[in-house]
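Chain and residue survey
Chain by chain, the residues:
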Amino acid sequence: MTDDDFFGRPRLGTLLEPPRTATRAATRAPRAPRAPRARGGTGPVRPPRPVRPARPPRPARPVTRPAPRSYAPVSGAECRRRTQKRMAIFVGFVLIVVAAVGARLVDLQVVGRARFVSYGLTQRDGFRVLRAGRGSILDRDGHAFAMSVAQPQVVADPTQVKDVAKVATALAKVTGADRADLESTLRKAQARRTAAGVPSRYVILDPQVSTAVATKLKDLALDGITTEDRYVRTDPSGTLARAVVGKALADGQVEQTSTGAKGGHQGLNGIEREYDRSLHGTAGKLFYEKDPHGRTIAGGRRRLEPAKPGTDLYLTLDQSLQYETEQALTDQVTATGAKGAMAVIMKPSTGEILSMASVSRHADDTVSGTGDARPLTAVFEPGSVNKMITIAGAMEEGEVTPETVFQVPSSLPLYDRVFTDHDPHPTQAWTTTDIIVTSSNIGTIKIAQQLGKAKVDQYLRSFGFGQASGLGFPSESAGIMRPLADWSGVDIGAVPIGQGVAVTALQMLSAYNVISNDGVYVAPKLVAATDAGRGRTGTAASSRRRVVSATTAQAMRGMLDKVVTDGTGKPAAVPGYTVGGKTGTARIPQAEHIGTDGYMGLDHKYHYQSTFVGVVDGADLSIIVTVEEAKTSIYGSDVAAPVFSHLAAMALRRYQIPPPALVAASERSVPELSTSAKEVGGEDVTGGPRATAG
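Rules and cut-offs
Residues numbered from 1 in each chain as written. Predicted model: local features only at pLDDT ≥ 70, side-chain atom pairs only at ≥ 80, totals over all residues. Heavy atoms only, no water. Helix = DSSP H or I, 4+ residues; strand = E, 2+ residues; numbered from the N terminus. Buried < 20%, exposed > 50% of the residue type's maximum accessible area, 1.4 Å probe, protein only. Contact = heavy atoms within 4.5 Å. Areas by Shrake-Rupley, 256 points an atom, 1.4 Å probe, with all protein chains shown as cover. Salt bridge = Lys/Arg side-chain N within 4 Å of Asp/Glu carboxyl O. Pairing = 2+ DSSP bridges. Axes fitted to C-alpha atoms, helices over the stretch in contact; angles between N-to-C directions. Core = buried A, V, L, I, M, F, W, Y, C linked by side-chain atoms within 4.5 Å. Expected span 1.5 Å × (residues − 1). Arc of directions from axis to C-beta. Polar contact = N/O pair within 3.5 Å; in protein donor to acceptor, adjacent residues only side chain to side chain. Parallel < 35°, antiparallel > 145°, perpendicular 65-115°, else oblique. Left-handed = near helix turned anticlockwise from the far one by under 90°. Nonpolar A, V, L, I, M, F, W, Y, C, P; charged D, E, K, R; others polar. Phe/Tyr/Trp six-rings, centres within 6.5 Å; stacked < 30°, edge-to-face > 60°. Lys NZ or Arg CZ within 6 Å of the ring centre and 35° of its normal. pLDDT = per-residue confidence, 0-100.

1. Re the overall build of the protein chain
Of the regular secondary structure elements, the protein chain holds 22 helices and 27 strands. The buried share of the protein chain, reckoned over its 694 residues, is 44%. Excluding contacts between residues fewer than 6 apart, the proportion of contacts in the protein chain whose partners are at least 24 apart in sequence is 71%. Working note: accessible area of the protein chain is about 36,600 Å², and carbon and sulfur atoms make up 54% of it.

2. Considerations on the pattern of salt bridges
Taken as a whole and assessed by the stated rule, the structure comprises 21 salt bridges. One salt bridge connects Glu-272 with Arg-233, and the closest N-O pair in it is separated by 2.9 Å. Note that Glu-272 is positioned in helix 9 (residues 270-274) and Arg-233 in strand 5 (residues 225-234), a separation of 39 residues in sequence. Across the pair, exposure class does not vary: Glu-272 and Arg-233 are buried alike. Through salt bridges with shared partners, a single ionic network connects Arg-134, Arg-233, Glu-272 and Asp-276.

3. Section: the sheet that holds strand 26 (residues 621-628)
On the basis of which strands lie adjacent, the open sheet formed by six strands has the order 13-12-11-26-25-22 and antiparallel pairing. Of all the strands in the sheet, just strand 13 (367-369) and strand 22 (579-587) have a single pairing partner and so form its edges. Adjacent strand axes in the sheet meet at a mean angle of 15° when their direction is disregarded. Where strand 22 lies against strand 25 (residues 608-616), nine bridges are found, and the strand directions are antiparallel. Note on strand 25: the bridge partner recorded for Arg-587 is Tyr-608. Packing of helix 18 (residues 505-516) onto the sheet brings it into contact with strand 11 (340-347), strand 12 (352-361), strand 22, strand 25 and strand 26, and relative to strand 11 it is tilted by some 35°.

4. A look at the pairing of strand 12
For a regular strand, the rule is simple: side chains alternate between the two faces of the sheet. The buried fraction of strand 12 is high, at nine of ten residues. The turn linking strand 11 back onto strand 12 is made up of four residues, and Gly-351 within it adopts a positive phi angle of 80°. Of the strand pairs in this sheet, strand 12 and strand 13 are connected by three bridges, and their pairing is antiparallel. Among the inter-strand pairings, Val-359 is bridged to a residue of strand 13, identified as Gly-369. Between strand 12 and the antiparallel strand that follows it, strand 13, lie five residues; Asp-365 among them carries a positive phi value of about 70°.

5. A short note on the nonpolar core
Nonpolar side chains in soluble globular proteins generally cluster together in the buried interior. Core analysis: the biggest nonpolar cluster contains 83 residues, and Val-344, Ile-353, Met-388, Phe-463, Phe-465, Leu-526 and Met-556 have the highest contact counts within it. With eight residues, helix 18 is the largest single contributor of residues to this core. Setting aside residues up to four positions removed in sequence, Leu-526 forms contacts with Val-244, Ile-271, Leu-315, Thr-316, Leu-317, Ile-353, Met-356, Leu-471 and Phe-473.

6. As for helix 6 (residues 179-191)
The α-helix advances 3.6 residues per turn, and as a result positions three or four apart in sequence lie on the same side. Under the 1.5 Å per step criterion, the end-to-end length of helix 6 is 19 Å for 13 residues, consistent within 8% with the ideal 18 Å. Among the residues of helix 6, Leu-182, Glu-183, Leu-186 and Ala-189 are the ones counted as buried. One side of helix 6 carries all its buried residues, which in axial view fall inside an arc of 130°. The exposed residues of helix 6 that point more than 90 degrees off its buried face are Lys-188 and Ala-191. Of the surrounding elements, those touching the buried residues of helix 6 are strand 3 (144-156), helix 5 (164-175) and strand 4 (203-206). The N-cap residue of helix 6 is Asp-178: its side-chain oxygen and the backbone nitrogen of Ala-180 are 3.2 Å apart.

7. Description of unusual backbone geometry
For residues that are not glycine, phi is negative in most cases, and the peptide bond is trans in most cases. Phi angles above zero are rare outside glycine, and Asp-518 is one such case at about 55°. Inspection of the secondary structure assignment puts Asp-518 in the loop between helix 18 and strand 18 (520-522). Phi angles above zero are rare outside glycine, and Glu-629 is one such case at about 55°. Within the secondary structure, Glu-629 sits in the loop between strand 26 and helix 20 (636-639).

8. Here we look at helix 15 (residues 441-451)
A large share of helix 15 lies buried, amounting to eight of its eleven residues. Residues of helix 15 that are buried: Asn-441, Ile-442, Gly-443, Thr-444, Ile-445, Ile-447, Ala-448 and Leu-451. Of the residues that open helix 15, the one with a side-chain oxygen 3.5 Å from the backbone nitrogen of Ile-442 is Ser-440. Phi turns positive, to about 95°, at Gly-452, one or two residues after helix 15.

9. Some thoughts on the packing of helix 5 against helix 7 (residues 211-220)
When two helices pack together, their arrangement is given by the angle between the helix axes and the distance between those axes. In contact at an axis separation of 10 Å, helix 5 and helix 7 are set at 150° when each is read in the N-to-C sense. As far as their axial angle goes, helix 7 and helix 5 are roughly antiparallel. Relative to helix 7, the crossing made by helix 5 is right-handed. In this structure, helix 5 uses Leu-171, Val-174 and Thr-175 to contact helix 7, whose residues at the interface are Val-213, Lys-216, Leu-217 and Leu-220. Here the contact of helix 5 with helix 7 is composed, by residue class, of five nonpolar, one polar and one charged.

10. A look at the packing of aromatic side chains
How two aromatic rings sit relative to each other is given by the distance of their centres and the angle of their planes. Using the criterion set out here, one finds one aromatic pair in the structure. Ring plane angle 65° and centroid distance 4.9 Å describe the contact between Phe-612 and Phe-644, whose orientation is recorded as edge-to-face. One end of the pair, Phe-612, is in strand 25; the other, Phe-644, is in helix 21 (residues 641-654), with 32 residues separating them in the sequence. Take Phe-612: its relative accessible area is 0%, and that puts it in the buried class. For Phe-644, a relative accessible area of 0% gives the class buried. Sitting over the ring of Tyr-314, Arg-536 keeps its end group 4.2 Å from the ring centre. Across the ring face of Tyr-521, the terminal group of Arg-545 is positioned such that the distance to the ring centre comes to 4.1 Å.

11. A short note on the environment of Ser-549
On the secondary structure map, Ser-549 appears in the loop between strand 21 (544-546) and helix 19 (550-566). Between the C-alpha atoms of Ser-549 and Asp-518, which are 31 residues apart in sequence, the distance is 6.9 Å. In this view, Ser-549 contacts Glu-396, Asp-518 and Gly-519; residues no more than four positions away in its chain are not counted.

12. As for the confidence of the model for the protein chain
Mean pLDDT over the protein chain: 84, with 83% of residues reaching 70 or higher. This model gives residues 12-16 a pLDDT under 50, and the stretch forms seven contacts once residues within four places in sequence are excluded. Low pLDDT (under 50) marks residues 689-694, which in the prediction has 17 contacts with non-local residues, meaning those over four places away or in another chain.

13. Digging into the pairing of strand 11
The buried fraction of strand 11 is high, at seven of eight residues. Summarising the sheet, strand 11 and strand 26 pair through seven bridges and their orientation is antiparallel. By the bridge assignment for strand 26, Met-346 is matched with Ser-622. Pairing analysis gives eight bridges linking strand 11 to strand 12, with the strands arranged antiparallel. Across the sheet, residue Ala-343 finds its bridge partner in strand 12, namely Ala-357.

What follows is the structure, given as C-alpha cells:
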C-alpha cells in the first residue's frame, strides 16, 4: 500500500516528513543475496532470486497551511446587543412552549373537559338498559284492552361462561331447548367483538320462559347465566275493539310493515300507533364500574336511573257496549248473508265514542271483526240519510219551514238525466215534513234547487263532510267531496240525496249529533283520560262550533221523530223512548262496471249499502248502523234499523236511563203527514238516475 490515500491523494504524514522509502535507501545498504541452500543436503540447488531494483523515491509535496483567521475587535455594546438578542430568542421560544402547553391544558381541563371525561367514563363506566313497561289501554271504566306484562327471558354474559358445553347441557335440561343450539349460540357470542374490539357481554338464549323455569335457573347459579324481564303486550279482552286499539310489538320483536321495519315496543296501527310516543315510556339505566376487559368491578360504584313506564290511556269506549255492538253486527251479517257491517254509538253532547265496530265475511264464509276501524277508514255513499243536511240548511237559510208545500212529481229531468222517487206517484202537494218522512228524492231535489248548489256544498262541509274528524286516527279518511267548481249540471240533484259524495260512518253520525245538540257540532272524542303515574287526568273537551240555530235543530228533530213513528224508520223504535232518525239505501259504486252505469257490476246486479242513523231523545245517545250487500233485503229499514233498536235498548239499560218526560208539543211542532204521504210505504233507493233523457 502506498502513502497515497484511496483517491490517490498523499497522506498527511507524507506532507510532514520525507518519504519512508527514500530515508531507508539513504541510511541502509541493500541486503546481500542469501546463498542458496539445498533441502535435505542432496539434490540440485535452486538458483537465487533476482534482486529487484529499489523504487525511486517520490518527490515531496509542499505543505500548505491555511492562514490563521483574524478577528476584528468587538465593542462591549455590540456584545451586549448580541447577548440580548440571544436572550430574547430564548425567552420567546420558552414562551411559545409554555403557551402551547397552557393551551393544551385549557383544552383538556376547560374546553374539551366534557369530551375527555365522557371518553374516560366509557373506558371505566358501563351501564345496562332497564326496559320500561308500555302504558296500558283501558276502557272508560278501567277495564284493560291492552297491557304490558313482564315475561322472563334467559340471557348470558359470554365472557363469564367458562365451560360452554357444561352450561349448554344444564340449560337444555331446564328450559327444554336444544343443547347443540345453545352451545353454538354461546360459542358464537364468545367470538363476537364490539366496534371497540371489546368482547360481547350480552346474548339472549331464550326470549320467553316461565316463572318456574326462571326460578330453577336462579337456583342453579350457572356462571354467566341469568334471567331478565322483557315486556310482552297482552290483550286481556281478546279481540274486543282490536281494530280501534291496534297492535304493538313485544320487546325484541320486529315486523315488516308498509312503512318499513318496526322494532319491539312500537305500535303498528290504531291507538297503539297514534299514541305510541306517550305509551312507549322511557327506559332506565343501571350504571356500574368495569375493568378494561368489560368485567364488573366488585365493590365499584353503582347508580340507578329507574325506568319510567308509559302513560296509561283511558278510552271513551265501553267494553260492555263494544261487545254487544260487535256481537249484534256479527249476528246480523250472518243472518242476512251480508258482506259486512259497521256501527258507532256516541254521546252527542260530549262527542265521546262509546263503541265502534266493523265486521266482515271472509272467504271461508266466517264472520269476524275487521283488522281496521272501518267506521273511520272506509267511505260509502250515504244515500237518503244525507237528505237531513239539505233540508236543515234550507230551513236555516229561511227557504223552507216544516209546513212549506212543494208540488212533487214522481220524476224530474235534469240535463241528460231523469231522477225518480222509489214509488211512482202522481204529482203531490207535499210539505217539507212529508218529503223527509217519505224520503222523496224529487222533493229533496226541489228544496236543494231553491237553496242553491253553493249553499248545499257549504252546509255539507259545515256538518263535517270532506274533512277528518280531528281524532288523528291512523289512516282516517276525510271522505270525498268534490270542489264546487267541479260540479256538473246534475250534481244539484245527486248530491242532496246522498249520491256523488262519500262519507265515513263517524262523519255521518257526527252530522246527526248536530241536530241532537241544538245545532252545535261537537268533535268526536276517543280518549277520555290519561295517567302518567300521578293519577287519572281528563283530556280536553271536544271543540264546538255552531252549524244551525237551535230552532232549526228542534224542528229537524220533530221531523226525524215522525220518520220513526210514521215513516220508513218504524223498525228502529225503542218502546217507551222517542227516537228520531233516517233510513237510507244507496247503490254501491263498482270499480268494474258495465257500460256507463257505474253502479252495475259485472254480475249485472246492483249492490246496496243499507243504513239507519238516529238519536234517542233525552238520553244523550246516537247510533249509526250500516250493512253492506245484505241478501235478504236491500232496505235500511229492514237490515239496519232493527240493529239500531237493539243497540239503543242495550245502551239505555247499561246506563240505566229511564224514559224521559214528554217534550212539550210546541217545542217540536211539525205538521201531520198528508194522506198521500201516509200511503207511500216503500223506502227510497238512491244511487243513480233510472233513465236518461232522449
